[in-house]
Amino acid sequence: MSSKKNISLFNKKILIQALKESFYKINPLQLIKNPVIFIVAIGAMLTTVIVLTGLLHGNYSSFNLQIAIWLWFTVLFANFSEAVAEGRGKAQADSLRKNRTQTQARKRQGNKEVLVYATDLKKGDVVYCTAGDIIPSDGEVIEGIASVDESAITGESAPVIRESGGDRSAVTGGTKVISDSILIRITSEPGDTFIDRMIALVESAKRQKTPNEIALSILLSGLSIVFLLAVVTLPAFFGYNLNASGQPSSQNLSLPVLIALLVCLIPTTIGGLLSAIGISGMDRLLQRNVIATSGRAIEAAGDVDVLLLDKTGTITLGNRMATDFIPAEGISIEELADAAQLSSLSDETPEGRSIVVLAKEKFNLRGRDVHQLNALFIPFTAQTRMSGVDIGSGQDSIHQIRKGSADAIRSFVQNNNGFYPQKVQDVVADISRQGGTPLVVAADNKVLGVICLKDIVKGGIKQRFAELRKMGIRTIMITGDNSLTAAAIAAEAGVDDFMAEAKPEDKLRRIREEQANGHLVGMIGDGTNDAPALAQADIGIAMNTGTQAAREAGNMVDLDSNPTKLIEVVEVGKQLLMTRGALTTFSIANDVAKYFAIIPAIAIVLYAGKNGAGPLSLLNVMNLGSPQSAILSAVIFNAVIIVLLIPLALKGVQYRPVSATSALTRNLLIYGLGGIIAPFFGIKIIDLLINLVS
Amino acid sequence: MTILELIQVILFFALLIGLTPILGNFLYKVFIARKHFLYPALGWLERLTYKAGGINPDEESNWRTYAFGLLLFNFIGFLFLFVMQLLQSHLPLNPAHVRDVSWHSAFNTAVSFMTNTNWQGYSGETTMSYLVQMIGLTVQNFVSAATGIAVLLALIRGLTRKTTEQLGNFWVDLTRSTIYVLLPLAILFSIVLTGQGVIQNFHSYQTVQTLTGKTQEIPMGPAASQIAIKQLGTNGGGFFNANSAHPFENPTPFSNFLEMFAILLIPASLTFTYGKMTGSVRHGWTIFTAMFILLLAGLCVSLYAEYHGNPIFGNHALMEGKETRFGITNSILWSTSTTAASNGSVNAMHDSLSPLAGMVAMVNLMLGEVIFGGVGAGLYGMVIFIILTVFIAGLMVGRTPEYLGKKIEAFEVQMTLIAILLPSIVILVFTAWASVSAPGLASLNNNGPHGFSEILYAFGSAAGNNGSAFAGLNANTVFYNLALGTAMLIGRFGVILPVMAVAGSLARKKSTPVSSGTFRTDNWLFIALLIGIILIVGGLTFFPALALGPIIEHLLLMNGITF
């Protein structure tokens, strides 16, 4: 993850823009998308009208005015939260498309070349890009090879190779060709590139609600209806009791008081923050350099319970490394290391280099000048299946040092009339069984020993898998290795299952099997032959270095092309759902305290004794100053809590990789119990302040 | 409260916990059509029923067809009962020569018995002929309970089946639960009750000379057979007006104990059956525990309120309106059970409960009768609350909420809310209407908050399909007969239809296997959550109404003011 993309929560520019936006968003057409806040706006409007007509008739009510003001603030605060989230998301997205807007492209028309604006390019157009050009839109290289600087989107400064055919043919709009030239076929319509789609996901006006958001909105609307009824029927109940206690019906509840009660009861906190939570979820993905093509995808990420992980790059470092020298009988380990190092000095393969490194680390053997030794490097060929050096000058004094597969060295030694010891054969078998690759070293007719090459499992990955297991996510390692090797690495890395000698169609089959058993599967891939599996998986993350086919098939693109990203994406998805649940619980739990503030305040007149306080004032457990201040405090608390929770909505609740039960216990204590208790204190404090001021 | 009473309460609950798995296991065998000990004896009756009705028991249907069958069956039952009441003076078995029932009372009663509410705006001995009581009311007592079980079974199939439309066969579910469960239990129970002295005859009413020399007419009738099912099927409609406070319905302490116990028996056992059918007996016990805690809490509050006295009576138990044969503890244990379990029979007048004990009864009604609740109905109502709980809290584990492996999505949430909203709307809107309109207020016998409680209770009882009355309210008027009838219809089918829709939608889904990332629904945390959601959602909806009824009455009582 590139840190440059972390935007401070208190970025001034975004906040000022968001403040303006909060007022624009009072537009009813926008508000109606959020039923809870829409109800608040209607209430605010009605209260304002009541205040104004009151003024016209000469009876000014400061209480009603304050209620009206705070109701408007509630609407503004909700708008503000959405605007801040939007602003942050846009800032991320803008940094991605900065370069693109004014780009001109050399479009091929027949044999001619015409200059057009990047925004005018259509799917299927072919453009020519040469060194120094900015690639105008997402596309696929159809001819040529070039190095491309993708730092604009990935933050990685090293250029990458893009060539026609093969698995590295996709290019992204906004990146820059730095050498050679290529022909690109544009693969997306204007305004429909990955980045455009991403931007649409963080702009509330264009944003589609995700399935879980829709379900939650239904819940919030339903609760609002319940409370609307509880409030609408209240004057009837109240009127009955006024009548019964012989009080005039003019003492019945006023509309502003009823509206205040309604607004306090409906779930304004979660209602106000819901879209901010959704947008900031996308934003957190962007921070990790992952572009999602739909909001649905990020939710599904939270549900994924099976991860298909490629061994190479995800679980292991990618190349086999020498880990051990095992000398043959009668040979010292130094002798073996020396020979192994000599044979590998000119070997530029990662395996060869790792042997040199191991020799240096273990026996402090430094690099030697190959020319001084008069050494002739013998490279690896498919026929000999060995590599090595010939040292020395003159026909007789030449030493032949070779390393290679056990079979190849056996025939080499036997051809030199040497003896291939059984003990070495045992060591070779042993290493194979443990998932390593044995390389046997020989000098002329003598077997010196075995070098053990191993896949190195990434540091900390075992811990990561254990965490995933706790969260109920199963990991499956995919590898082309034989099952012996695969089993050994799987055990070392701590994955739950593995698929050895896996072909792309095996992946697809496995995904279908898992899905048929009710699992949701996530995978990451790059090649064209991964595309069917990426499309079939519930979460398919395509690497940005991959082919266009893969990028189209998946529902996310990882700009860093880092296979471990899959795990982070799952975490972002879970955190998003948790934040929604936590704030919904908090919002509903808040209502208990609000009832205890408002009901005694409004019912104080019923069956009032000589002191003017009716029996229900006993429910005033917070001992609030006056009925007016009680109602006002509840309304103010209700508005202010939205602002206070914006940082939480944007950052998400604290996420820990633990089991469902412990996550639930923790969140329940904080947001459930806390949600019941906190407003009692909050309302009391606001009430004290109000009574202090007046 | 005496030690003896305490022992009786403990025995009551111990027996409930002990019999739950035994009867629950038997129900399980009946519902999944496994061989059980009653099959050889009654199998012929089941087969005969299918033959007579032209039913293919192997044919299953989707939720719409299932629900349509249910509605059709209930509608025919309603029509039959409605017409029979209107014509009863022309029909046989009417030794007391009662007249035809008024159209609005007949409507109310027909709806009431069809919906398993058994609200009685009439008084049995002066209104209904033996024929109507037996063929009309008692039959509905059986089939309305069986209807509740059928809905529950469809819901269970929705939860356990994968990617299918089929939810079973309504007629088979109805037949099996009637023949193997309700009939045998009711027959057994009515024999025991007759042994205790509950009357069962076709005599005409007896005129006797009392000790004070006056003449009194004593009603007779086939009571025991109706009382057995009225208790077992969570119906509650008494043979006589005084219900189980009447010595012919409830003659001895033993019959009182059994009748109380019968209220909770089947609803409690169904939690075990549910657990077993959904593959987690532990989950069944979890639901049982949540219900049990709510029941116990209500009982404790009520007992405290009754025994604690008030400034007017001093520190004496409130005996006014209670049956002296049974005493306070038995009256309260009954009132709590009958309102929790959607039964509605009474052995004391709820109008005479202390305000807080009255409130507990009202809360039981308003929560939608999910504390054990009606036969079948209580459990599917509870599942509605479970789905709501799972949805709200389930998000907090970081996954799309799921219940028993089925994802809870927009459609389920929508249906769940409708099922919770409709009865609540009915209670609030009708109560508001009645408390400000002339026909609503004209029926009141008490004023002040107590009068308000009477109205609130009546609509709570109707919408919750409970059927018990706070009394003190003359409900046999056109206004109340129609309003309460409507409330009962919405309270019943406004829940059944959304539940069926949920069942249909869940059956179509795949099932996610359980892992450590799954939201657990079988531990103490879930029990606490479920209770919390029920109380908060129910409480928030009705707190203002309760504050202006029983709560304010209680506070006024503490100041020595009564109504």
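Quick caveat: nothing in here was measured; it's all calculated off a predicted structure.

Colleague: Quick one: what's the story with the overall build of chain B, residue by residue and with numbers?
Modeller: Counting secondary structure elements, chain B contains 18 helices and 4 strands. In terms of C-alpha radius of gyration, chain B reaches 23 Å, essentially the compact-globule figure of 24 Å for 563 residues. With the C-alpha coordinates of chain B rotated into their principal frame, the extents come out at 75 × 60 × 50 Å. Taken across its 563 residues, chain B has 67% of its residues classed as buried. Intrachain contacts of chain B at a sequence separation of at least 6 include 78% that bridge at least 24 residues. Of the charged side chains in chain B, 25 are positive and 23 negative; the average position of the first set lies 14 Å away from that of the second.

Colleague: I'd like to hear about the overall build of chain A, residue by residue, with values.
Modeller: A count of helices and strands for chain A gives 24 helices and 21 strands. Relative to its length of 694 residues, chain A is extended, with a C-alpha radius of gyration of 35 Å against a globular reference of 26 Å. C-alpha atoms of chain A, sized along the principal axes, occupy 125 × 65 × 45 Å. Here chain A holds 694 residues, and the buried ones make up 54% of them.

Colleague: Give me the lowdown on the packing of helix H7 (residues 170–196) of chain B against helix H9 (residues 253–277) of chain B, citing residues and values where you can.
Modeller: Residue and element names in this part refer to chain B. Packing of H7 against H9 brings their axes to within 10 Å, and their N-to-C directions diverge by 170 degrees. For the element pair H7 / H9, the angle class is roughly antiparallel. Taken together, the residues of H9 that come into contact with H7 (itself represented by Val 181, Leu 182, Leu 185, Phe 189, Val 192, Leu 193 and Gln 196) are Phe 254, Ser 255, Leu 258, Glu 259, Ala 262 and Ile 266. A per-class count over the contact of H7 with H9 returns 10 nonpolar, 2 polar and 1 charged.

Colleague: Describe the interface of chain B and chain A, and please don't skip the residues or the numbers.
Modeller: Listed as interface residues are 59 residues of chain B and, on the opposing side, 61 residues of chain A. Its largest share of buried area at the contact with chain A, chain B owes to Met 396, Leu 540 and Leu 548 of chain B, together 15% of the area lost on that side. One salt bridge in this structure joins Asp 303 of chain A and Lys 407 of chain B, with 4.0 Å as the shortest N-O distance. Taken together, chain B and chain A are joined by 15 residue pairs in polar contact (both at pLDDT 80 or more). Of all the secondary-structure elements, those providing two or more residues to the side of chain B that touches chain A are helix H13 (377–394), helix H14 (410–436), helix H16 (448–463) and helix H18 (524–558) of chain B.

Colleague: Now, about the packing of aromatic side chains: what can you tell me, with residues and values included?
Modeller: Residues and elements named next belong to chain B. Enumeration over the complete set of coordinates arrives at 36 aromatic pairs over all chains. With a centroid separation of 5.6 Å and 80 degrees between ring planes, the pair formed by Tyr 66 and Phe 170 is classed as edge-to-face. Taken together, the positions of Tyr 66 in helix H3 (residues 63–86) and Phe 170 in helix H7 put the pair 104 residues apart, joining distant regions of the chain. Residue Tyr 66 shares its accessibility class with Phe 170, and that shared class is buried.

Colleague: Kindly report on the pairing of strand E14 (residues 399–404) of chain A, identifying the contributing residues and their values.
Modeller: Sheet analysis places strand E13 (residues 386–391) of chain A next to E14 of chain A, joined by 6 bridges and oriented antiparallel. If you follow Gly 388 of chain A over to E14 of chain A, its bridge partner there is Arg 402 of chain A.

Colleague: Quick rundown of the packing of helix H7 (residues 211–232) of chain A against helix H22 (residues 565–602) of chain A? Include the residues and the values.
Modeller: Geometry of a packed helix pair, given as the angle between the helix axes and the separation of the axes. Residues and elements named next belong to chain A. Contact geometry for H7 and H22: axes closest at 11 Å, N-to-C directions at 10 degrees. Taken together, the axes of H7 and H22 are roughly parallel relative to one another. Here Asn 212, Glu 213, Leu 216, Leu 219, Leu 220, Leu 223, Phe 227 and Ala 230 of H7 come into contact with H22, specifically with Leu 577, Arg 580, Thr 584, Ile 588, Asp 591 and Tyr 595. Considering only residue class, the contact of H7 with H22 consists of 9 nonpolar, 2 polar and 3 charged.

Colleague: Report on the side chain of Ser 587 of chain A, specifying residues and quantitative values.
Modeller: Residues and elements named next belong to chain A. With respect to the helices and strands, Ser 587 occurs in helix H22. Engagement of the side chain of Ser 587 in a polar contact is seen with the backbone nitrogen of Ile 270, the distance being 3.5 Å. If we ignore the near neighbours within four places in the chain, the residues touching Ser 587 are Pro 267, Thr 268, Thr 269 and Ile 270.

Colleague: Now, about the sheet that holds strand E17 (residues 474–478) of chain A: what can you tell me, with residues and values included?
Modeller: Residues and elements named next belong to chain A. Strands sit in the order E9-E21-E20-E19-E10-E17-E18 across an open sheet of 7 strands; the sheet is mixed. Looking at which strands have only one partner, the edges of the open sheet turn out to be strand E9 (290–292) and strand E18 (497–499). The mean angle between the axes of side-by-side strands here comes to 20 degrees, regardless of whether they run parallel or antiparallel. Packing of H22 onto the sheet brings it into contact with E9, strand E10 (306–310), strand E19 (521–525), strand E20 (539–543) and strand E21 (556–558), and relative to E10 it is tilted by some 160 degrees.

Colleague: Now, about the pattern of salt bridges: what can you tell me, with residues and values included?
Modeller: Tallied over the full model, the rule gives 36 salt bridges over all chains. The partner of Glu 568 of chain A in a salt bridge is Arg 288 of chain A, with the nearest N and O atoms 3.5 Å apart. With Glu 568 of chain A in helix H22 and Arg 288 of chain A in the loop between helix H10 (268–287) and E9, this pair connects stretches of sequence that are 280 residues apart. Here Arg 469 of chain A ties to Asp 496 of chain A by a salt bridge, and the two come within 2.6 Å at their closest N and O atoms. Taken together, the residues span a long stretch of sequence, with Arg 469 of chain A in helix H17 (residues 461–470) and Asp 496 of chain A in the loop between helix H18 (483–493) and E18 at a distance of 27 residues. Because the salt bridges share partners, they merge into one network encompassing Asp 303 of chain A together with Arg 399, Glu 402 and Lys 407 of chain B.

Colleague: Any details on H18 of chain B? Residues and values, ideally.
Modeller: With 35 residues, H18 of chain B should reach 51 Å at 1.5 Å per residue; the first-to-last C-alpha distance of 37 Å falls well below that figure. The largest bend in H18 of chain B is about 60 degrees, located at Leu 546 of chain B, with the proline Pro 550 of chain B one to four residues further on.

Colleague: Now, about a nonpolar patch on the surface: what can you tell me, with residues and values included?
Modeller: Residues and elements named next belong to chain A. Together, Leu 669, Ile 670, Leu 673, Ile 677, Phe 681, Ile 685, Leu 689, Leu 692 and Val 693 make up an exposed nonpolar region whose accessible area comes to about 950 Å². Note on placement: Ile 685 falls in helix H24 (residues 660–693). For Ile 685, a relative accessible area of 49% corresponds to the partly exposed category.

Colleague: I'd like to hear about the nonpolar core, residue by residue, with values.
Modeller: Judged by nonpolar contacts, the single largest core of 322 residues is most densely connected at Phe 372 and Tyr 403 of chain B. No other element matches the 20 residues that H18 of chain B contributes to this core. If near-sequence neighbours (up to four positions away) are discounted, Phe 372 of chain B is found in contact with Leu 16, Leu 264, Pro 267, Ala 268, Phe 288, Met 291, Phe 292, Leu 295, Gly 378 and Leu 379 of chain B. The next biggest cluster of nonpolar side chains, apart from the first, holds 37 residues, and it includes Ala 328, Ile 355, Leu 439 and Ala 443 of chain A.

Colleague: Can you break down the confidence of the model for chain B residue by residue, with the values?
Modeller: Counting all residues, the mean pLDDT for chain B is 91, and 99% of those residues have values of 70 or more. Here the predicted complex carries an ipTM of 0.92, next to a pTM of 0.87.

Colleague: Explain the side chain of Asn 481 of chain B to me, using residue names and the numbers behind them.
Modeller: All names here are of chain B. Mapping Asn 481 onto the fold places it in helix H17 (residues 478–508). By relative accessible area, Asn 481 is classed as buried at 0%. Not counting chain neighbours up to four residues away, the residues in contact with Asn 481 comprise His 104, Ser 105, Phe 107, Asn 108, Ala 475 and Asn 476.

Colleague: Give a detailed account of the environment of Gly 54 of chain A, specifying residues and quantitative values.
Modeller: Within the secondary structure, Gly 54 of chain A sits in helix H3 (residues 35–56). As for Gly 54 of chain A and Ala 630 of chain A, which are separated by 576 residues in sequence, their C-alpha atoms are 22 Å apart.

Colleague: Can you lay out the environment of Leu 182 of chain B for me, pointing to particular residues and giving the numbers?
Modeller: Residues and elements named next belong to chain B. One can find Leu 182 in helix H7. In this structure, the C-alpha to C-alpha distance between Leu 182 and Arg 325, residues 143 residues apart in sequence, is 29 Å. When residues no more than four places from it in sequence are discounted, the contact partners of Leu 182 are Phe 142, Ala 145, Ala 146, Ser 177, Ile 229 and Ile 266.

Colleague: Give me the environment of Asn 482 of chain A: which residues, what numbers.
Modeller: All names here are of chain A. In this fold, Asn 482 is placed in the loop between E17 and H18. Through-space distance from the C-alpha of Asn 482 to that of Asn 64 is 77 Å; in sequence the pair is 418 residues apart. Apart from the residues lying within four places of it in its own chain, the contact partners of Asn 482 are Ala 500 and Glu 501.

Colleague: Break down the pairing of strand E1 (residues 104–109) of chain A for me, with residues and values.
Modeller: All names here are of chain A. As paired elements, E1 and strand E2 (residues 112–117) share 6 bridges and run antiparallel to each other. Residue pairing in the sheet places Arg 108 in a bridge with Glu 113 of E2. Linking two consecutive strands that pair antiparallel, namely E1 and E2, is a turn of 2 residues; a positive phi of about 65 degrees is found at Gly 110 within it. Here E1 runs beside strand E3 (residues 126–130); their pairing, made up of 2 bridges, is antiparallel. Its bridge partner being in E3, Arg 106 is matched across the sheet by Tyr 128.

Scoring rules and cut-offs
- Residues numbered from 1 in each chain as written.
- Chains lettered and ligands numbered in written order.
- Predicted model: local features only at pLDDT ≥ 70, side-chain atom pairs only at ≥ 80, totals over all residues.
- Heavy atoms only, no water.
- Helix = DSSP H or I, 4+ residues; strand = E, 2+ residues; numbered from the N terminus.
- Rg over C-alpha atoms; globule rule 2.2 N^0.38 Å.
- Buried < 20%, exposed > 50% of the residue type's maximum accessible area, 1.4 Å probe, protein only.
- Contact = heavy atoms within 4.5 Å.
- Lys, Arg positive; Asp, Glu negative; His and termini not counted.
- Charge placed at Lys NZ, Arg CZ, Asp CG, Glu CD.
- Axes fitted to C-alpha atoms, helices over the stretch in contact; angles between N-to-C directions.
- Parallel < 35°, antiparallel > 145°, perpendicular 65-115°, else oblique.
- Nonpolar A, V, L, I, M, F, W, Y, C, P; charged D, E, K, R; others polar.
- Buried area = accessible area lost by both parts, 1.4 Å probe.
- Salt bridge = Lys/Arg side-chain N within 4 Å of Asp/Glu carboxyl O.
- Polar contact = N/O pair within 3.5 Å; in protein donor to acceptor, adjacent residues only side chain to side chain.
- Phe/Tyr/Trp six-rings, centres within 6.5 Å; stacked < 30°, edge-to-face > 60°.
- Pairing = 2+ DSSP bridges.
- Expected span 1.5 Å × (residues − 1).
- Bend = angle between axes of the 7 residues up to and from the residue.
- Patch = residues over 30% accessible without salt bridge, like charges linked within 9 Å, V, L, I, M, F, W, Y side chains within 5 Å.
- Areas by Shrake-Rupley, 256 points an atom, 1.4 Å probe, with all protein chains shown as cover.
- Core = buried A, V, L, I, M, F, W, Y, C linked by side-chain atoms within 4.5 Å.
- pLDDT = per-residue confidence, 0-100.

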